[in-house]
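This is what each chain is made of:
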Amino acid sequence: MQLPLSNAVEAPLWGNAGRRPPWRRCTHTVKLFSTSCETIFLGWDRPLLPQAVEQLRDRFVRADQWNLGSLICVLPTSHSVDRLGALLGRTARMLGLELCLPEIITVGSLPEQLYAAPRNLALEFEQSLAWAQVLSATHPDQLRVLIPQSPEPHRIGAWMELAGTIRRLHEELAASQLTFADVAEVSETEAEQRRWKLLSGLFDKYLSQLAAAGLADPHWERQLAVLHNRCRTEKHLVLIGVSDMSDALIQMLRSLECDLTAMVAAPPEEFARFDEFGCVDTPSWIAHELPLRDDQLLAAGDVSDQASCVAETIADFAQAHSADEVTVGVTDETQVGPVEIELRGCGVSTHRHLGWTVAATAIGRLLNLAATHLQRQTWQTLAAMIRHADVHAMIGRQLADSQVATETDWLTELDSLLADHYPIRLADPLPEVAIGRYPLAGQVKAIVDNWLADFAADDTKAIAQWSGSVLVWLQQVYGEFDRADPKPTRTYRALDSLHRLLRRFSELNDHLDLPVSGTTAIEMIASRLVDLRVAQTAGPEDVEILGWLDLALDDAPALVVVGLNHPFVPAAVTSDPFLPGTIRSELRMADNRRRYARDVYALHLMLSSRTSIRFIVGRTAADGSPTPPSRLLSASRPADSARRVRRLLTRRREPVSVHHRWDQGPQHALIPIPGLPIPDQPGELVTRMSVTAFRDYLMCPYRFFLRHVLKMRLLDDAASELAANQFGDLVHNALELFGKSADKNESAVNKIEASLIQHLHQYAAGQYGDCVSSAVRLQITQAERRLKVVAQRQAQHVDQGWQIYQCEASANPEEHGAGIDVDGKRMGLSGRFDRIDFHPASGRWAILDYKTHGHKPEKKHLKRSDDGEQWIDLQLPLYRLMIPFLGIDAPPEEVELGYFNISEKEEETRINIAEFSEQQMKDAESLIRDCIRAIWAGKFEPTKDHVPFDDYAMILQTGIAHRLLDSADLAMGQEVEV
C-alpha cells in the first residue's frame with residue numbers, strides 16, 4: 001500500500017556506524033527494531049516481487065546504470081529467486097538500463113554467507129557417514145536406549161539409515177539453537193534422559209570424526225559463529241517475502257553489523273503482526289480470519305477427479321487469461337503427475353518448476369532396479385530391469401552385435417518364459433522344455449549377468465572406488481558422457497547430476513569412506529538421488545506448476561490450487577518419535593502452531609493479490625488414503641467453516657470431459673475405440689475356425705477379431721500363481737498322460753489315483769521345474785486333491801463297461817478335411833478332443849471334455865432369458881459336426897457329448913452327459929452358419945454387454961474409464977455411442 005512520506009515513521013533508516021547506501025528515501029511505512037533492519041511494508045493487494053523490483057529501481061538507478069552488485073537478495077524459494085531475476089532483467093530491458101544483478105539466493109543458502117568456517121563443511125552424505133561410524137563403533141548395550149536391536153556390523157545400509165535419522169534430529173535441534181544436551185535437561189523420564197545424554201556424548205565423537213577428516217558440521221558451526229560473534233558480511237542483505245526463518249538464522253541476523261532490509265507483503269497497519277525481519281508473529285496469525293469465499297472452494301474425489309477439476313478450472317480461466325497468467329499449485333508432489341497427464345490430454349502444456357528428483361528419472365529408476373536385482377536375483381527383478389528403455393536398447397545392441405537370431409522379440413520371449421513356467425531364482429535351473437522354447441531368455445540373462453558382474457561379486461571396496469566403477473558401468477548403457485555437448489533431455493540432465501555426485505563421492509575423505517559390497521554401493525548411491533533434482537525449460541505457452549511454498553510470491557493473476565487438504569497443508573511438524581509435541585513446547589521449538597500461522601499468512605497473500613483463484617479440496621490422496629479438508633479452513637468465522645466443510649464433504653462434483661485450446665475454449669471430447677483393419681473383401685480374413693472361437697465371436701465380435709485375426713493375447717509375466725487356464729492345463733495334462741498310459745482302463749481306485757498323481761507331478765516338473773513358488777506348490781496340491789476324486793469316478797466309469805478309446809484326438813482341415821459348407825463356401829474347422837470313450841458291450845460312443853468347474857453342459861452352453869433360451873457356447877454342437885472326421889463308427893446323433901467335471905467340490909466331480917434336444921442342436925447348427933456368414937461379411941462390432949474376465953479392457957476402455965465416460969455423457973444429456 002503506497003503512503004505519502006508524512007505517514008511513514010520518521011527515523012534514520014541506516015543505523016550502522018553512520019553508513020547509508022545510495023537509496024532514495026522510502027515512500028512506504030517502515031518499522032524500526034533494536035537491530036539495524038529496515039522493515040518495509042509494501043501491501044498485499046499486489047504481488048510482492050514486482051513491488052520489490054520497483055523499490056530496487058527507485059533506490060538504485062543512477063542515470064542509465066542499475067548497479068545492484070553490493071546486494072544479496074534473499075527469498076524463500078528457488079522459484080521466487082528465478083522470478084526476481086527474470087523481473088529485474090525484464091525491467092532493465094524495458095527502461096534501457098545497464099543492469100548489474102545482485103546475488104540472489106534462497107533463505108536456506110543464507111547462513112553460509114554470514115560466517116567463515118574453519119574447515120570445509122561436510123555434505124549431508126559425509127555427515128551420515130561420520131554418524132554411521134560413530135554409531136557402529138558404540139557397544140549395542142549402550143545403543144539399546146535408542147534402538148532395541150542394533151544392526152549387524154556388516155549391514156552398512158541399516159547403519160546409514162540410523163545415521164540419517166540422528167543427523168536430521170541434530171539438524172532440527174540446531175535450527176532452534178539447541179543441542180542434545182538441552183533436550184536432556186527438559187526430559188522427564190530417566191529413559192529419555194539416558195537417550196539424550198547418550199546422543200550428546202556421541203555428538204562429541206561425531207564432531208571429532210569430522211575434524212579428523214578435515215571437515216566441520218555446518219549446523220554446529222552456525223551456532224559457534226553466533227556464540228563467538230563471528231557473523232559478518234560486507235554486502236547489504238535484502239530479505240524479500242521471507243516470512244519464516246529458523247531461530248538459528250534469526251540469531252545470526254541479529255548478531256550482524258551490516259545493512260539489512262526486509263520487504264514484507266502486508267500493509268503498514270499490520271506491522272505488529274511481524275518481527276523486524278518480516279517473519280510472521282505466530283499468535284497474531286493463529287486468530288486471523290481469511291477473506292475466503294465459498295465459490296473459491298471446489299469439492300473433488302480422488303486424485304484423478306482432482307486433476308479433471310484442474311482442467312475444468314483452467315478452461316474457465318482461459319476466457320480471461322493467457323497461459324502465462326495461470327498457475328497451478330500443488331500441496332503434494334504426487335499430485336503433479338496426474339495433473340500433467342490430464343492437462344496434456346486437454347491440449348495444455350505444463351512446466352513443473354520443482355522439476356523431478358533424479359530418483360524419478362530414467363537414471364534413478366535404473367539404479368533402483370539394479371539395486372533390487374542385485375539384492376534379490378530373481379527372474380521377476382530381471383524382467384523389471386530389462387523393461388527400462390535404456391537397458392532394453394543396450395541388450396538389443398548386444399544381441400545384434402553377437403548376430404543372435406531375433407526373429408521372435410526377445411522381451412516377449414522372456415515374458416512368455418515367466419508366464420508359462422514361473423521361474424523364481426536365477427540360480428535355479430530352468431526346466432528343459434523352457435530352455436528349448438525360449439533360448440533368447442538365457443542370452444538376455446547372460447548379458448545382464450555380465451553387465452552387473454563387478455557389483456554381484458563378493459568383493460568389498462571403498463565407496464570412492466565404487467563411484468568410479470558406476471561411471472564405467474553407466475557408459476555401457478549411455479556411452480561416453482560429454483558435458484560440453486549438452487542435450488535438453490531430462491535423462492541427460494539427470495546423468496549430468498549423477499556424474500557430479502559420483503565425482504564428489506570419488507573424492508571422499510579416507511577417514512569417512514567405508515568398505516562396502518557392490519550391491520550396497522549401488523543402494524547407497526541410489527538413495528542419494530532423492531536429494532538431487534533436474535528441471536526443464538519453460539515454454540512460452542506452458543502453464544506453471546508450483547509447490548505450496550512458491551505460491552505466496554507468485555505473481556500470476558490466476559491460480560488453482562490442488563489439495564487444500566490435511567495432511568498436506570499445513571504439514572505437521574510434531575510427529576517425530578524422538579521429539580514429540582510436549583518436548584517441542586518445552587524447548588520452544590517450531591511446532592504446528594507456527595506452521596499453521598505461516599500457511600494462514602501465505603493463503604491470505606494468495607487471496608488478496610489475485611483476481612482469479614480456486615482451491616480444490618479432494619477426498620483421497622494419490623495412494624487412496626482419505627484426506628480431510630485442511631485446517632486452514634478454520635481461519636474464518638465458525639459458521640462459515642462449518643458450512644464449507646459440510647459442503648465439501650457431501651457435495652459430489654459432476655465430471656465433465658474437456659478438451660481445451662486457448663483460442664477456442666473448452667470442448668467436449670470422447671475417447672474413440674480403435675478401428676479394425678478390415679479389408680474390402682473380408683471373406684478371406686478367416687478361412688478356418690476352432691471350436692472355441694465361435695464362443696468368442698458370440699461374446700464379442702470385436703474381441704474375436706483381436707484374438708483370432710490379429711492374434712493379440714494377454715501376456716502376464718507378473719503373476720505369482722497359475723492362472724485359471726494354466727491350472728486347467730495342469731489337470732488336463734495329468735489326465736492326458738494317464739489316458740495314454742497302460743493304466744488307462746485300470747479299475748482299481750488306488751492304482752488309478754497313483755497313476756494320476758504320478759503323471760501330475762511328471763507334467764509339473766517338466767513345465768515348472770523343481771523350484772516353484774509356494775503358491776504354485778499349493779495349486780499342485782489342490783490338483784492332487786481333485787484327481788483323487790477323479791480316480792473314484794473313473795473307477796466307477798470303468799465298472800460300468802466304458803473304456804478310454806483315445807485322448808487328445810484332433811481333427812483339422814489339412815489332415816482330415818474337417819469343415820462346414822455355408823452358402824457354397826467352406827469354413828475349415830479344427831479341434832482337439834480331450835477324450836473319446838467306447839462301450840464295447842453296447843457299441844456306444846462318448847466324447848468328453850475335461851472341465852475344472854462343476855457346471856453342467858446345459859448351463860455353459862445355453863442362457864435363459866425372457867426371450868427363451870439362447871446359445872452362448874457352441875462347443876458340443878460343433879463336436880457333433882466333426883464326428884465324421886474322427887473315425888467314430890456311429891451316426892453323429894447317437895454319440896454322447898458331455899463334460900468330465902473336475903470341480904473343487906467333491907459332489908460336483910462327475911461325468912455329465914449333455915441333454916440337448918434335436919431341435920436345440922438344429923438351432924445351434926443354424927447359429928453356427930449365421931456366425932460364419934457374419935464373419936465373412938466383416939461384422940466385428942464391439943458388444944454393449946459386459947464381458948467377464950476381459951483381456952482387452954484397456955483397448956475398449958471398459959471398467960472404470962468406461963463408467964466415467966458414461967457419467968460424463970449423462971451429465972451432458974448425451975447417450976454413449978460405442
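It should be emphasised that the depicted structure is a prediction, and the values quoted were computed from it without experimental measurement.

Some remarks on the side chain of T233
Point 1. Among the secondary structure elements, T233 is positioned in the loop between α8 (218-227) and β10 (236-240).
Point 2. Polar side-chain contacts of T233 include one of 3.3 Å to the backbone nitrogen of K235.
Point 3. The contacts of T233, once residues within four sequence positions are left out, are I72, Q113, L114, L256 and C258.

Remarks on unusual backbone geometry
Point 1. Cis geometry is adopted by the peptide bond preceding P567, which originates at H566 and carries an omega value of 10 degrees.
Point 2. When you line up the elements, P567 lands in the loop between β20 (558-562) and α24 (581-587).
Point 3. At the junction of V569 and P570, the peptide bond is cis and its omega measures out at -10 degrees in the coordinates.
Point 4. Within the secondary structure, P570 sits in the loop between β20 and α24.
Point 5. Of note, Q177 is a non-glycine position whose phi angle comes to about 60 degrees, a positive value.
Point 6. When you line up the elements, Q177 lands in the loop between α5 (156-175) and α6 (180-186).
Point 7. Phi angles above zero are rare outside glycine, and D823 is one such case at about 55 degrees.

Considering the environment of L417
Point 1. Along the polypeptide, L417 turns up in helix α16 (residues 410-421).
Point 2. Taking the C-alpha atoms as reference points, L417 and Y768, 351 residues apart in sequence, are found 10.0 Å from one another.
Point 3. Those residues in contact with L417, other than ones at most four positions away along the chain, are W379, Y422, P423, L430, A434, Y438 and A441.

Examining the sheet that holds strand β6 (residues 98-100)
Point 1. Read across the sheet, three strands follow the order β3-β4-β6 without closing on themselves; strand pairing throughout is mixed. If you trace the sheet from one side to the other, it starts and ends with β3 (61-62) and β6, each paired once.
Point 2. By the bridge criterion, two bridges tie β3 to strand β4 (residues 65-67) in an arrangement that is antiparallel. Note that in β4 the partner of R62 across the bridge is Q65.

Definitions and limits used
- Residues numbered from 1 in each chain as written.
- Predicted model: local features only at pLDDT ≥ 70, side-chain atom pairs only at ≥ 80, totals over all residues.
- Heavy atoms only, no water.
- Helix = DSSP H or I, 4+ residues; strand = E, 2+ residues; numbered from the N terminus.
- Polar contact = N/O pair within 3.5 Å; in protein donor to acceptor, adjacent residues only side chain to side chain.
- Contact = heavy atoms within 4.5 Å.
- Pairing = 2+ DSSP bridges.

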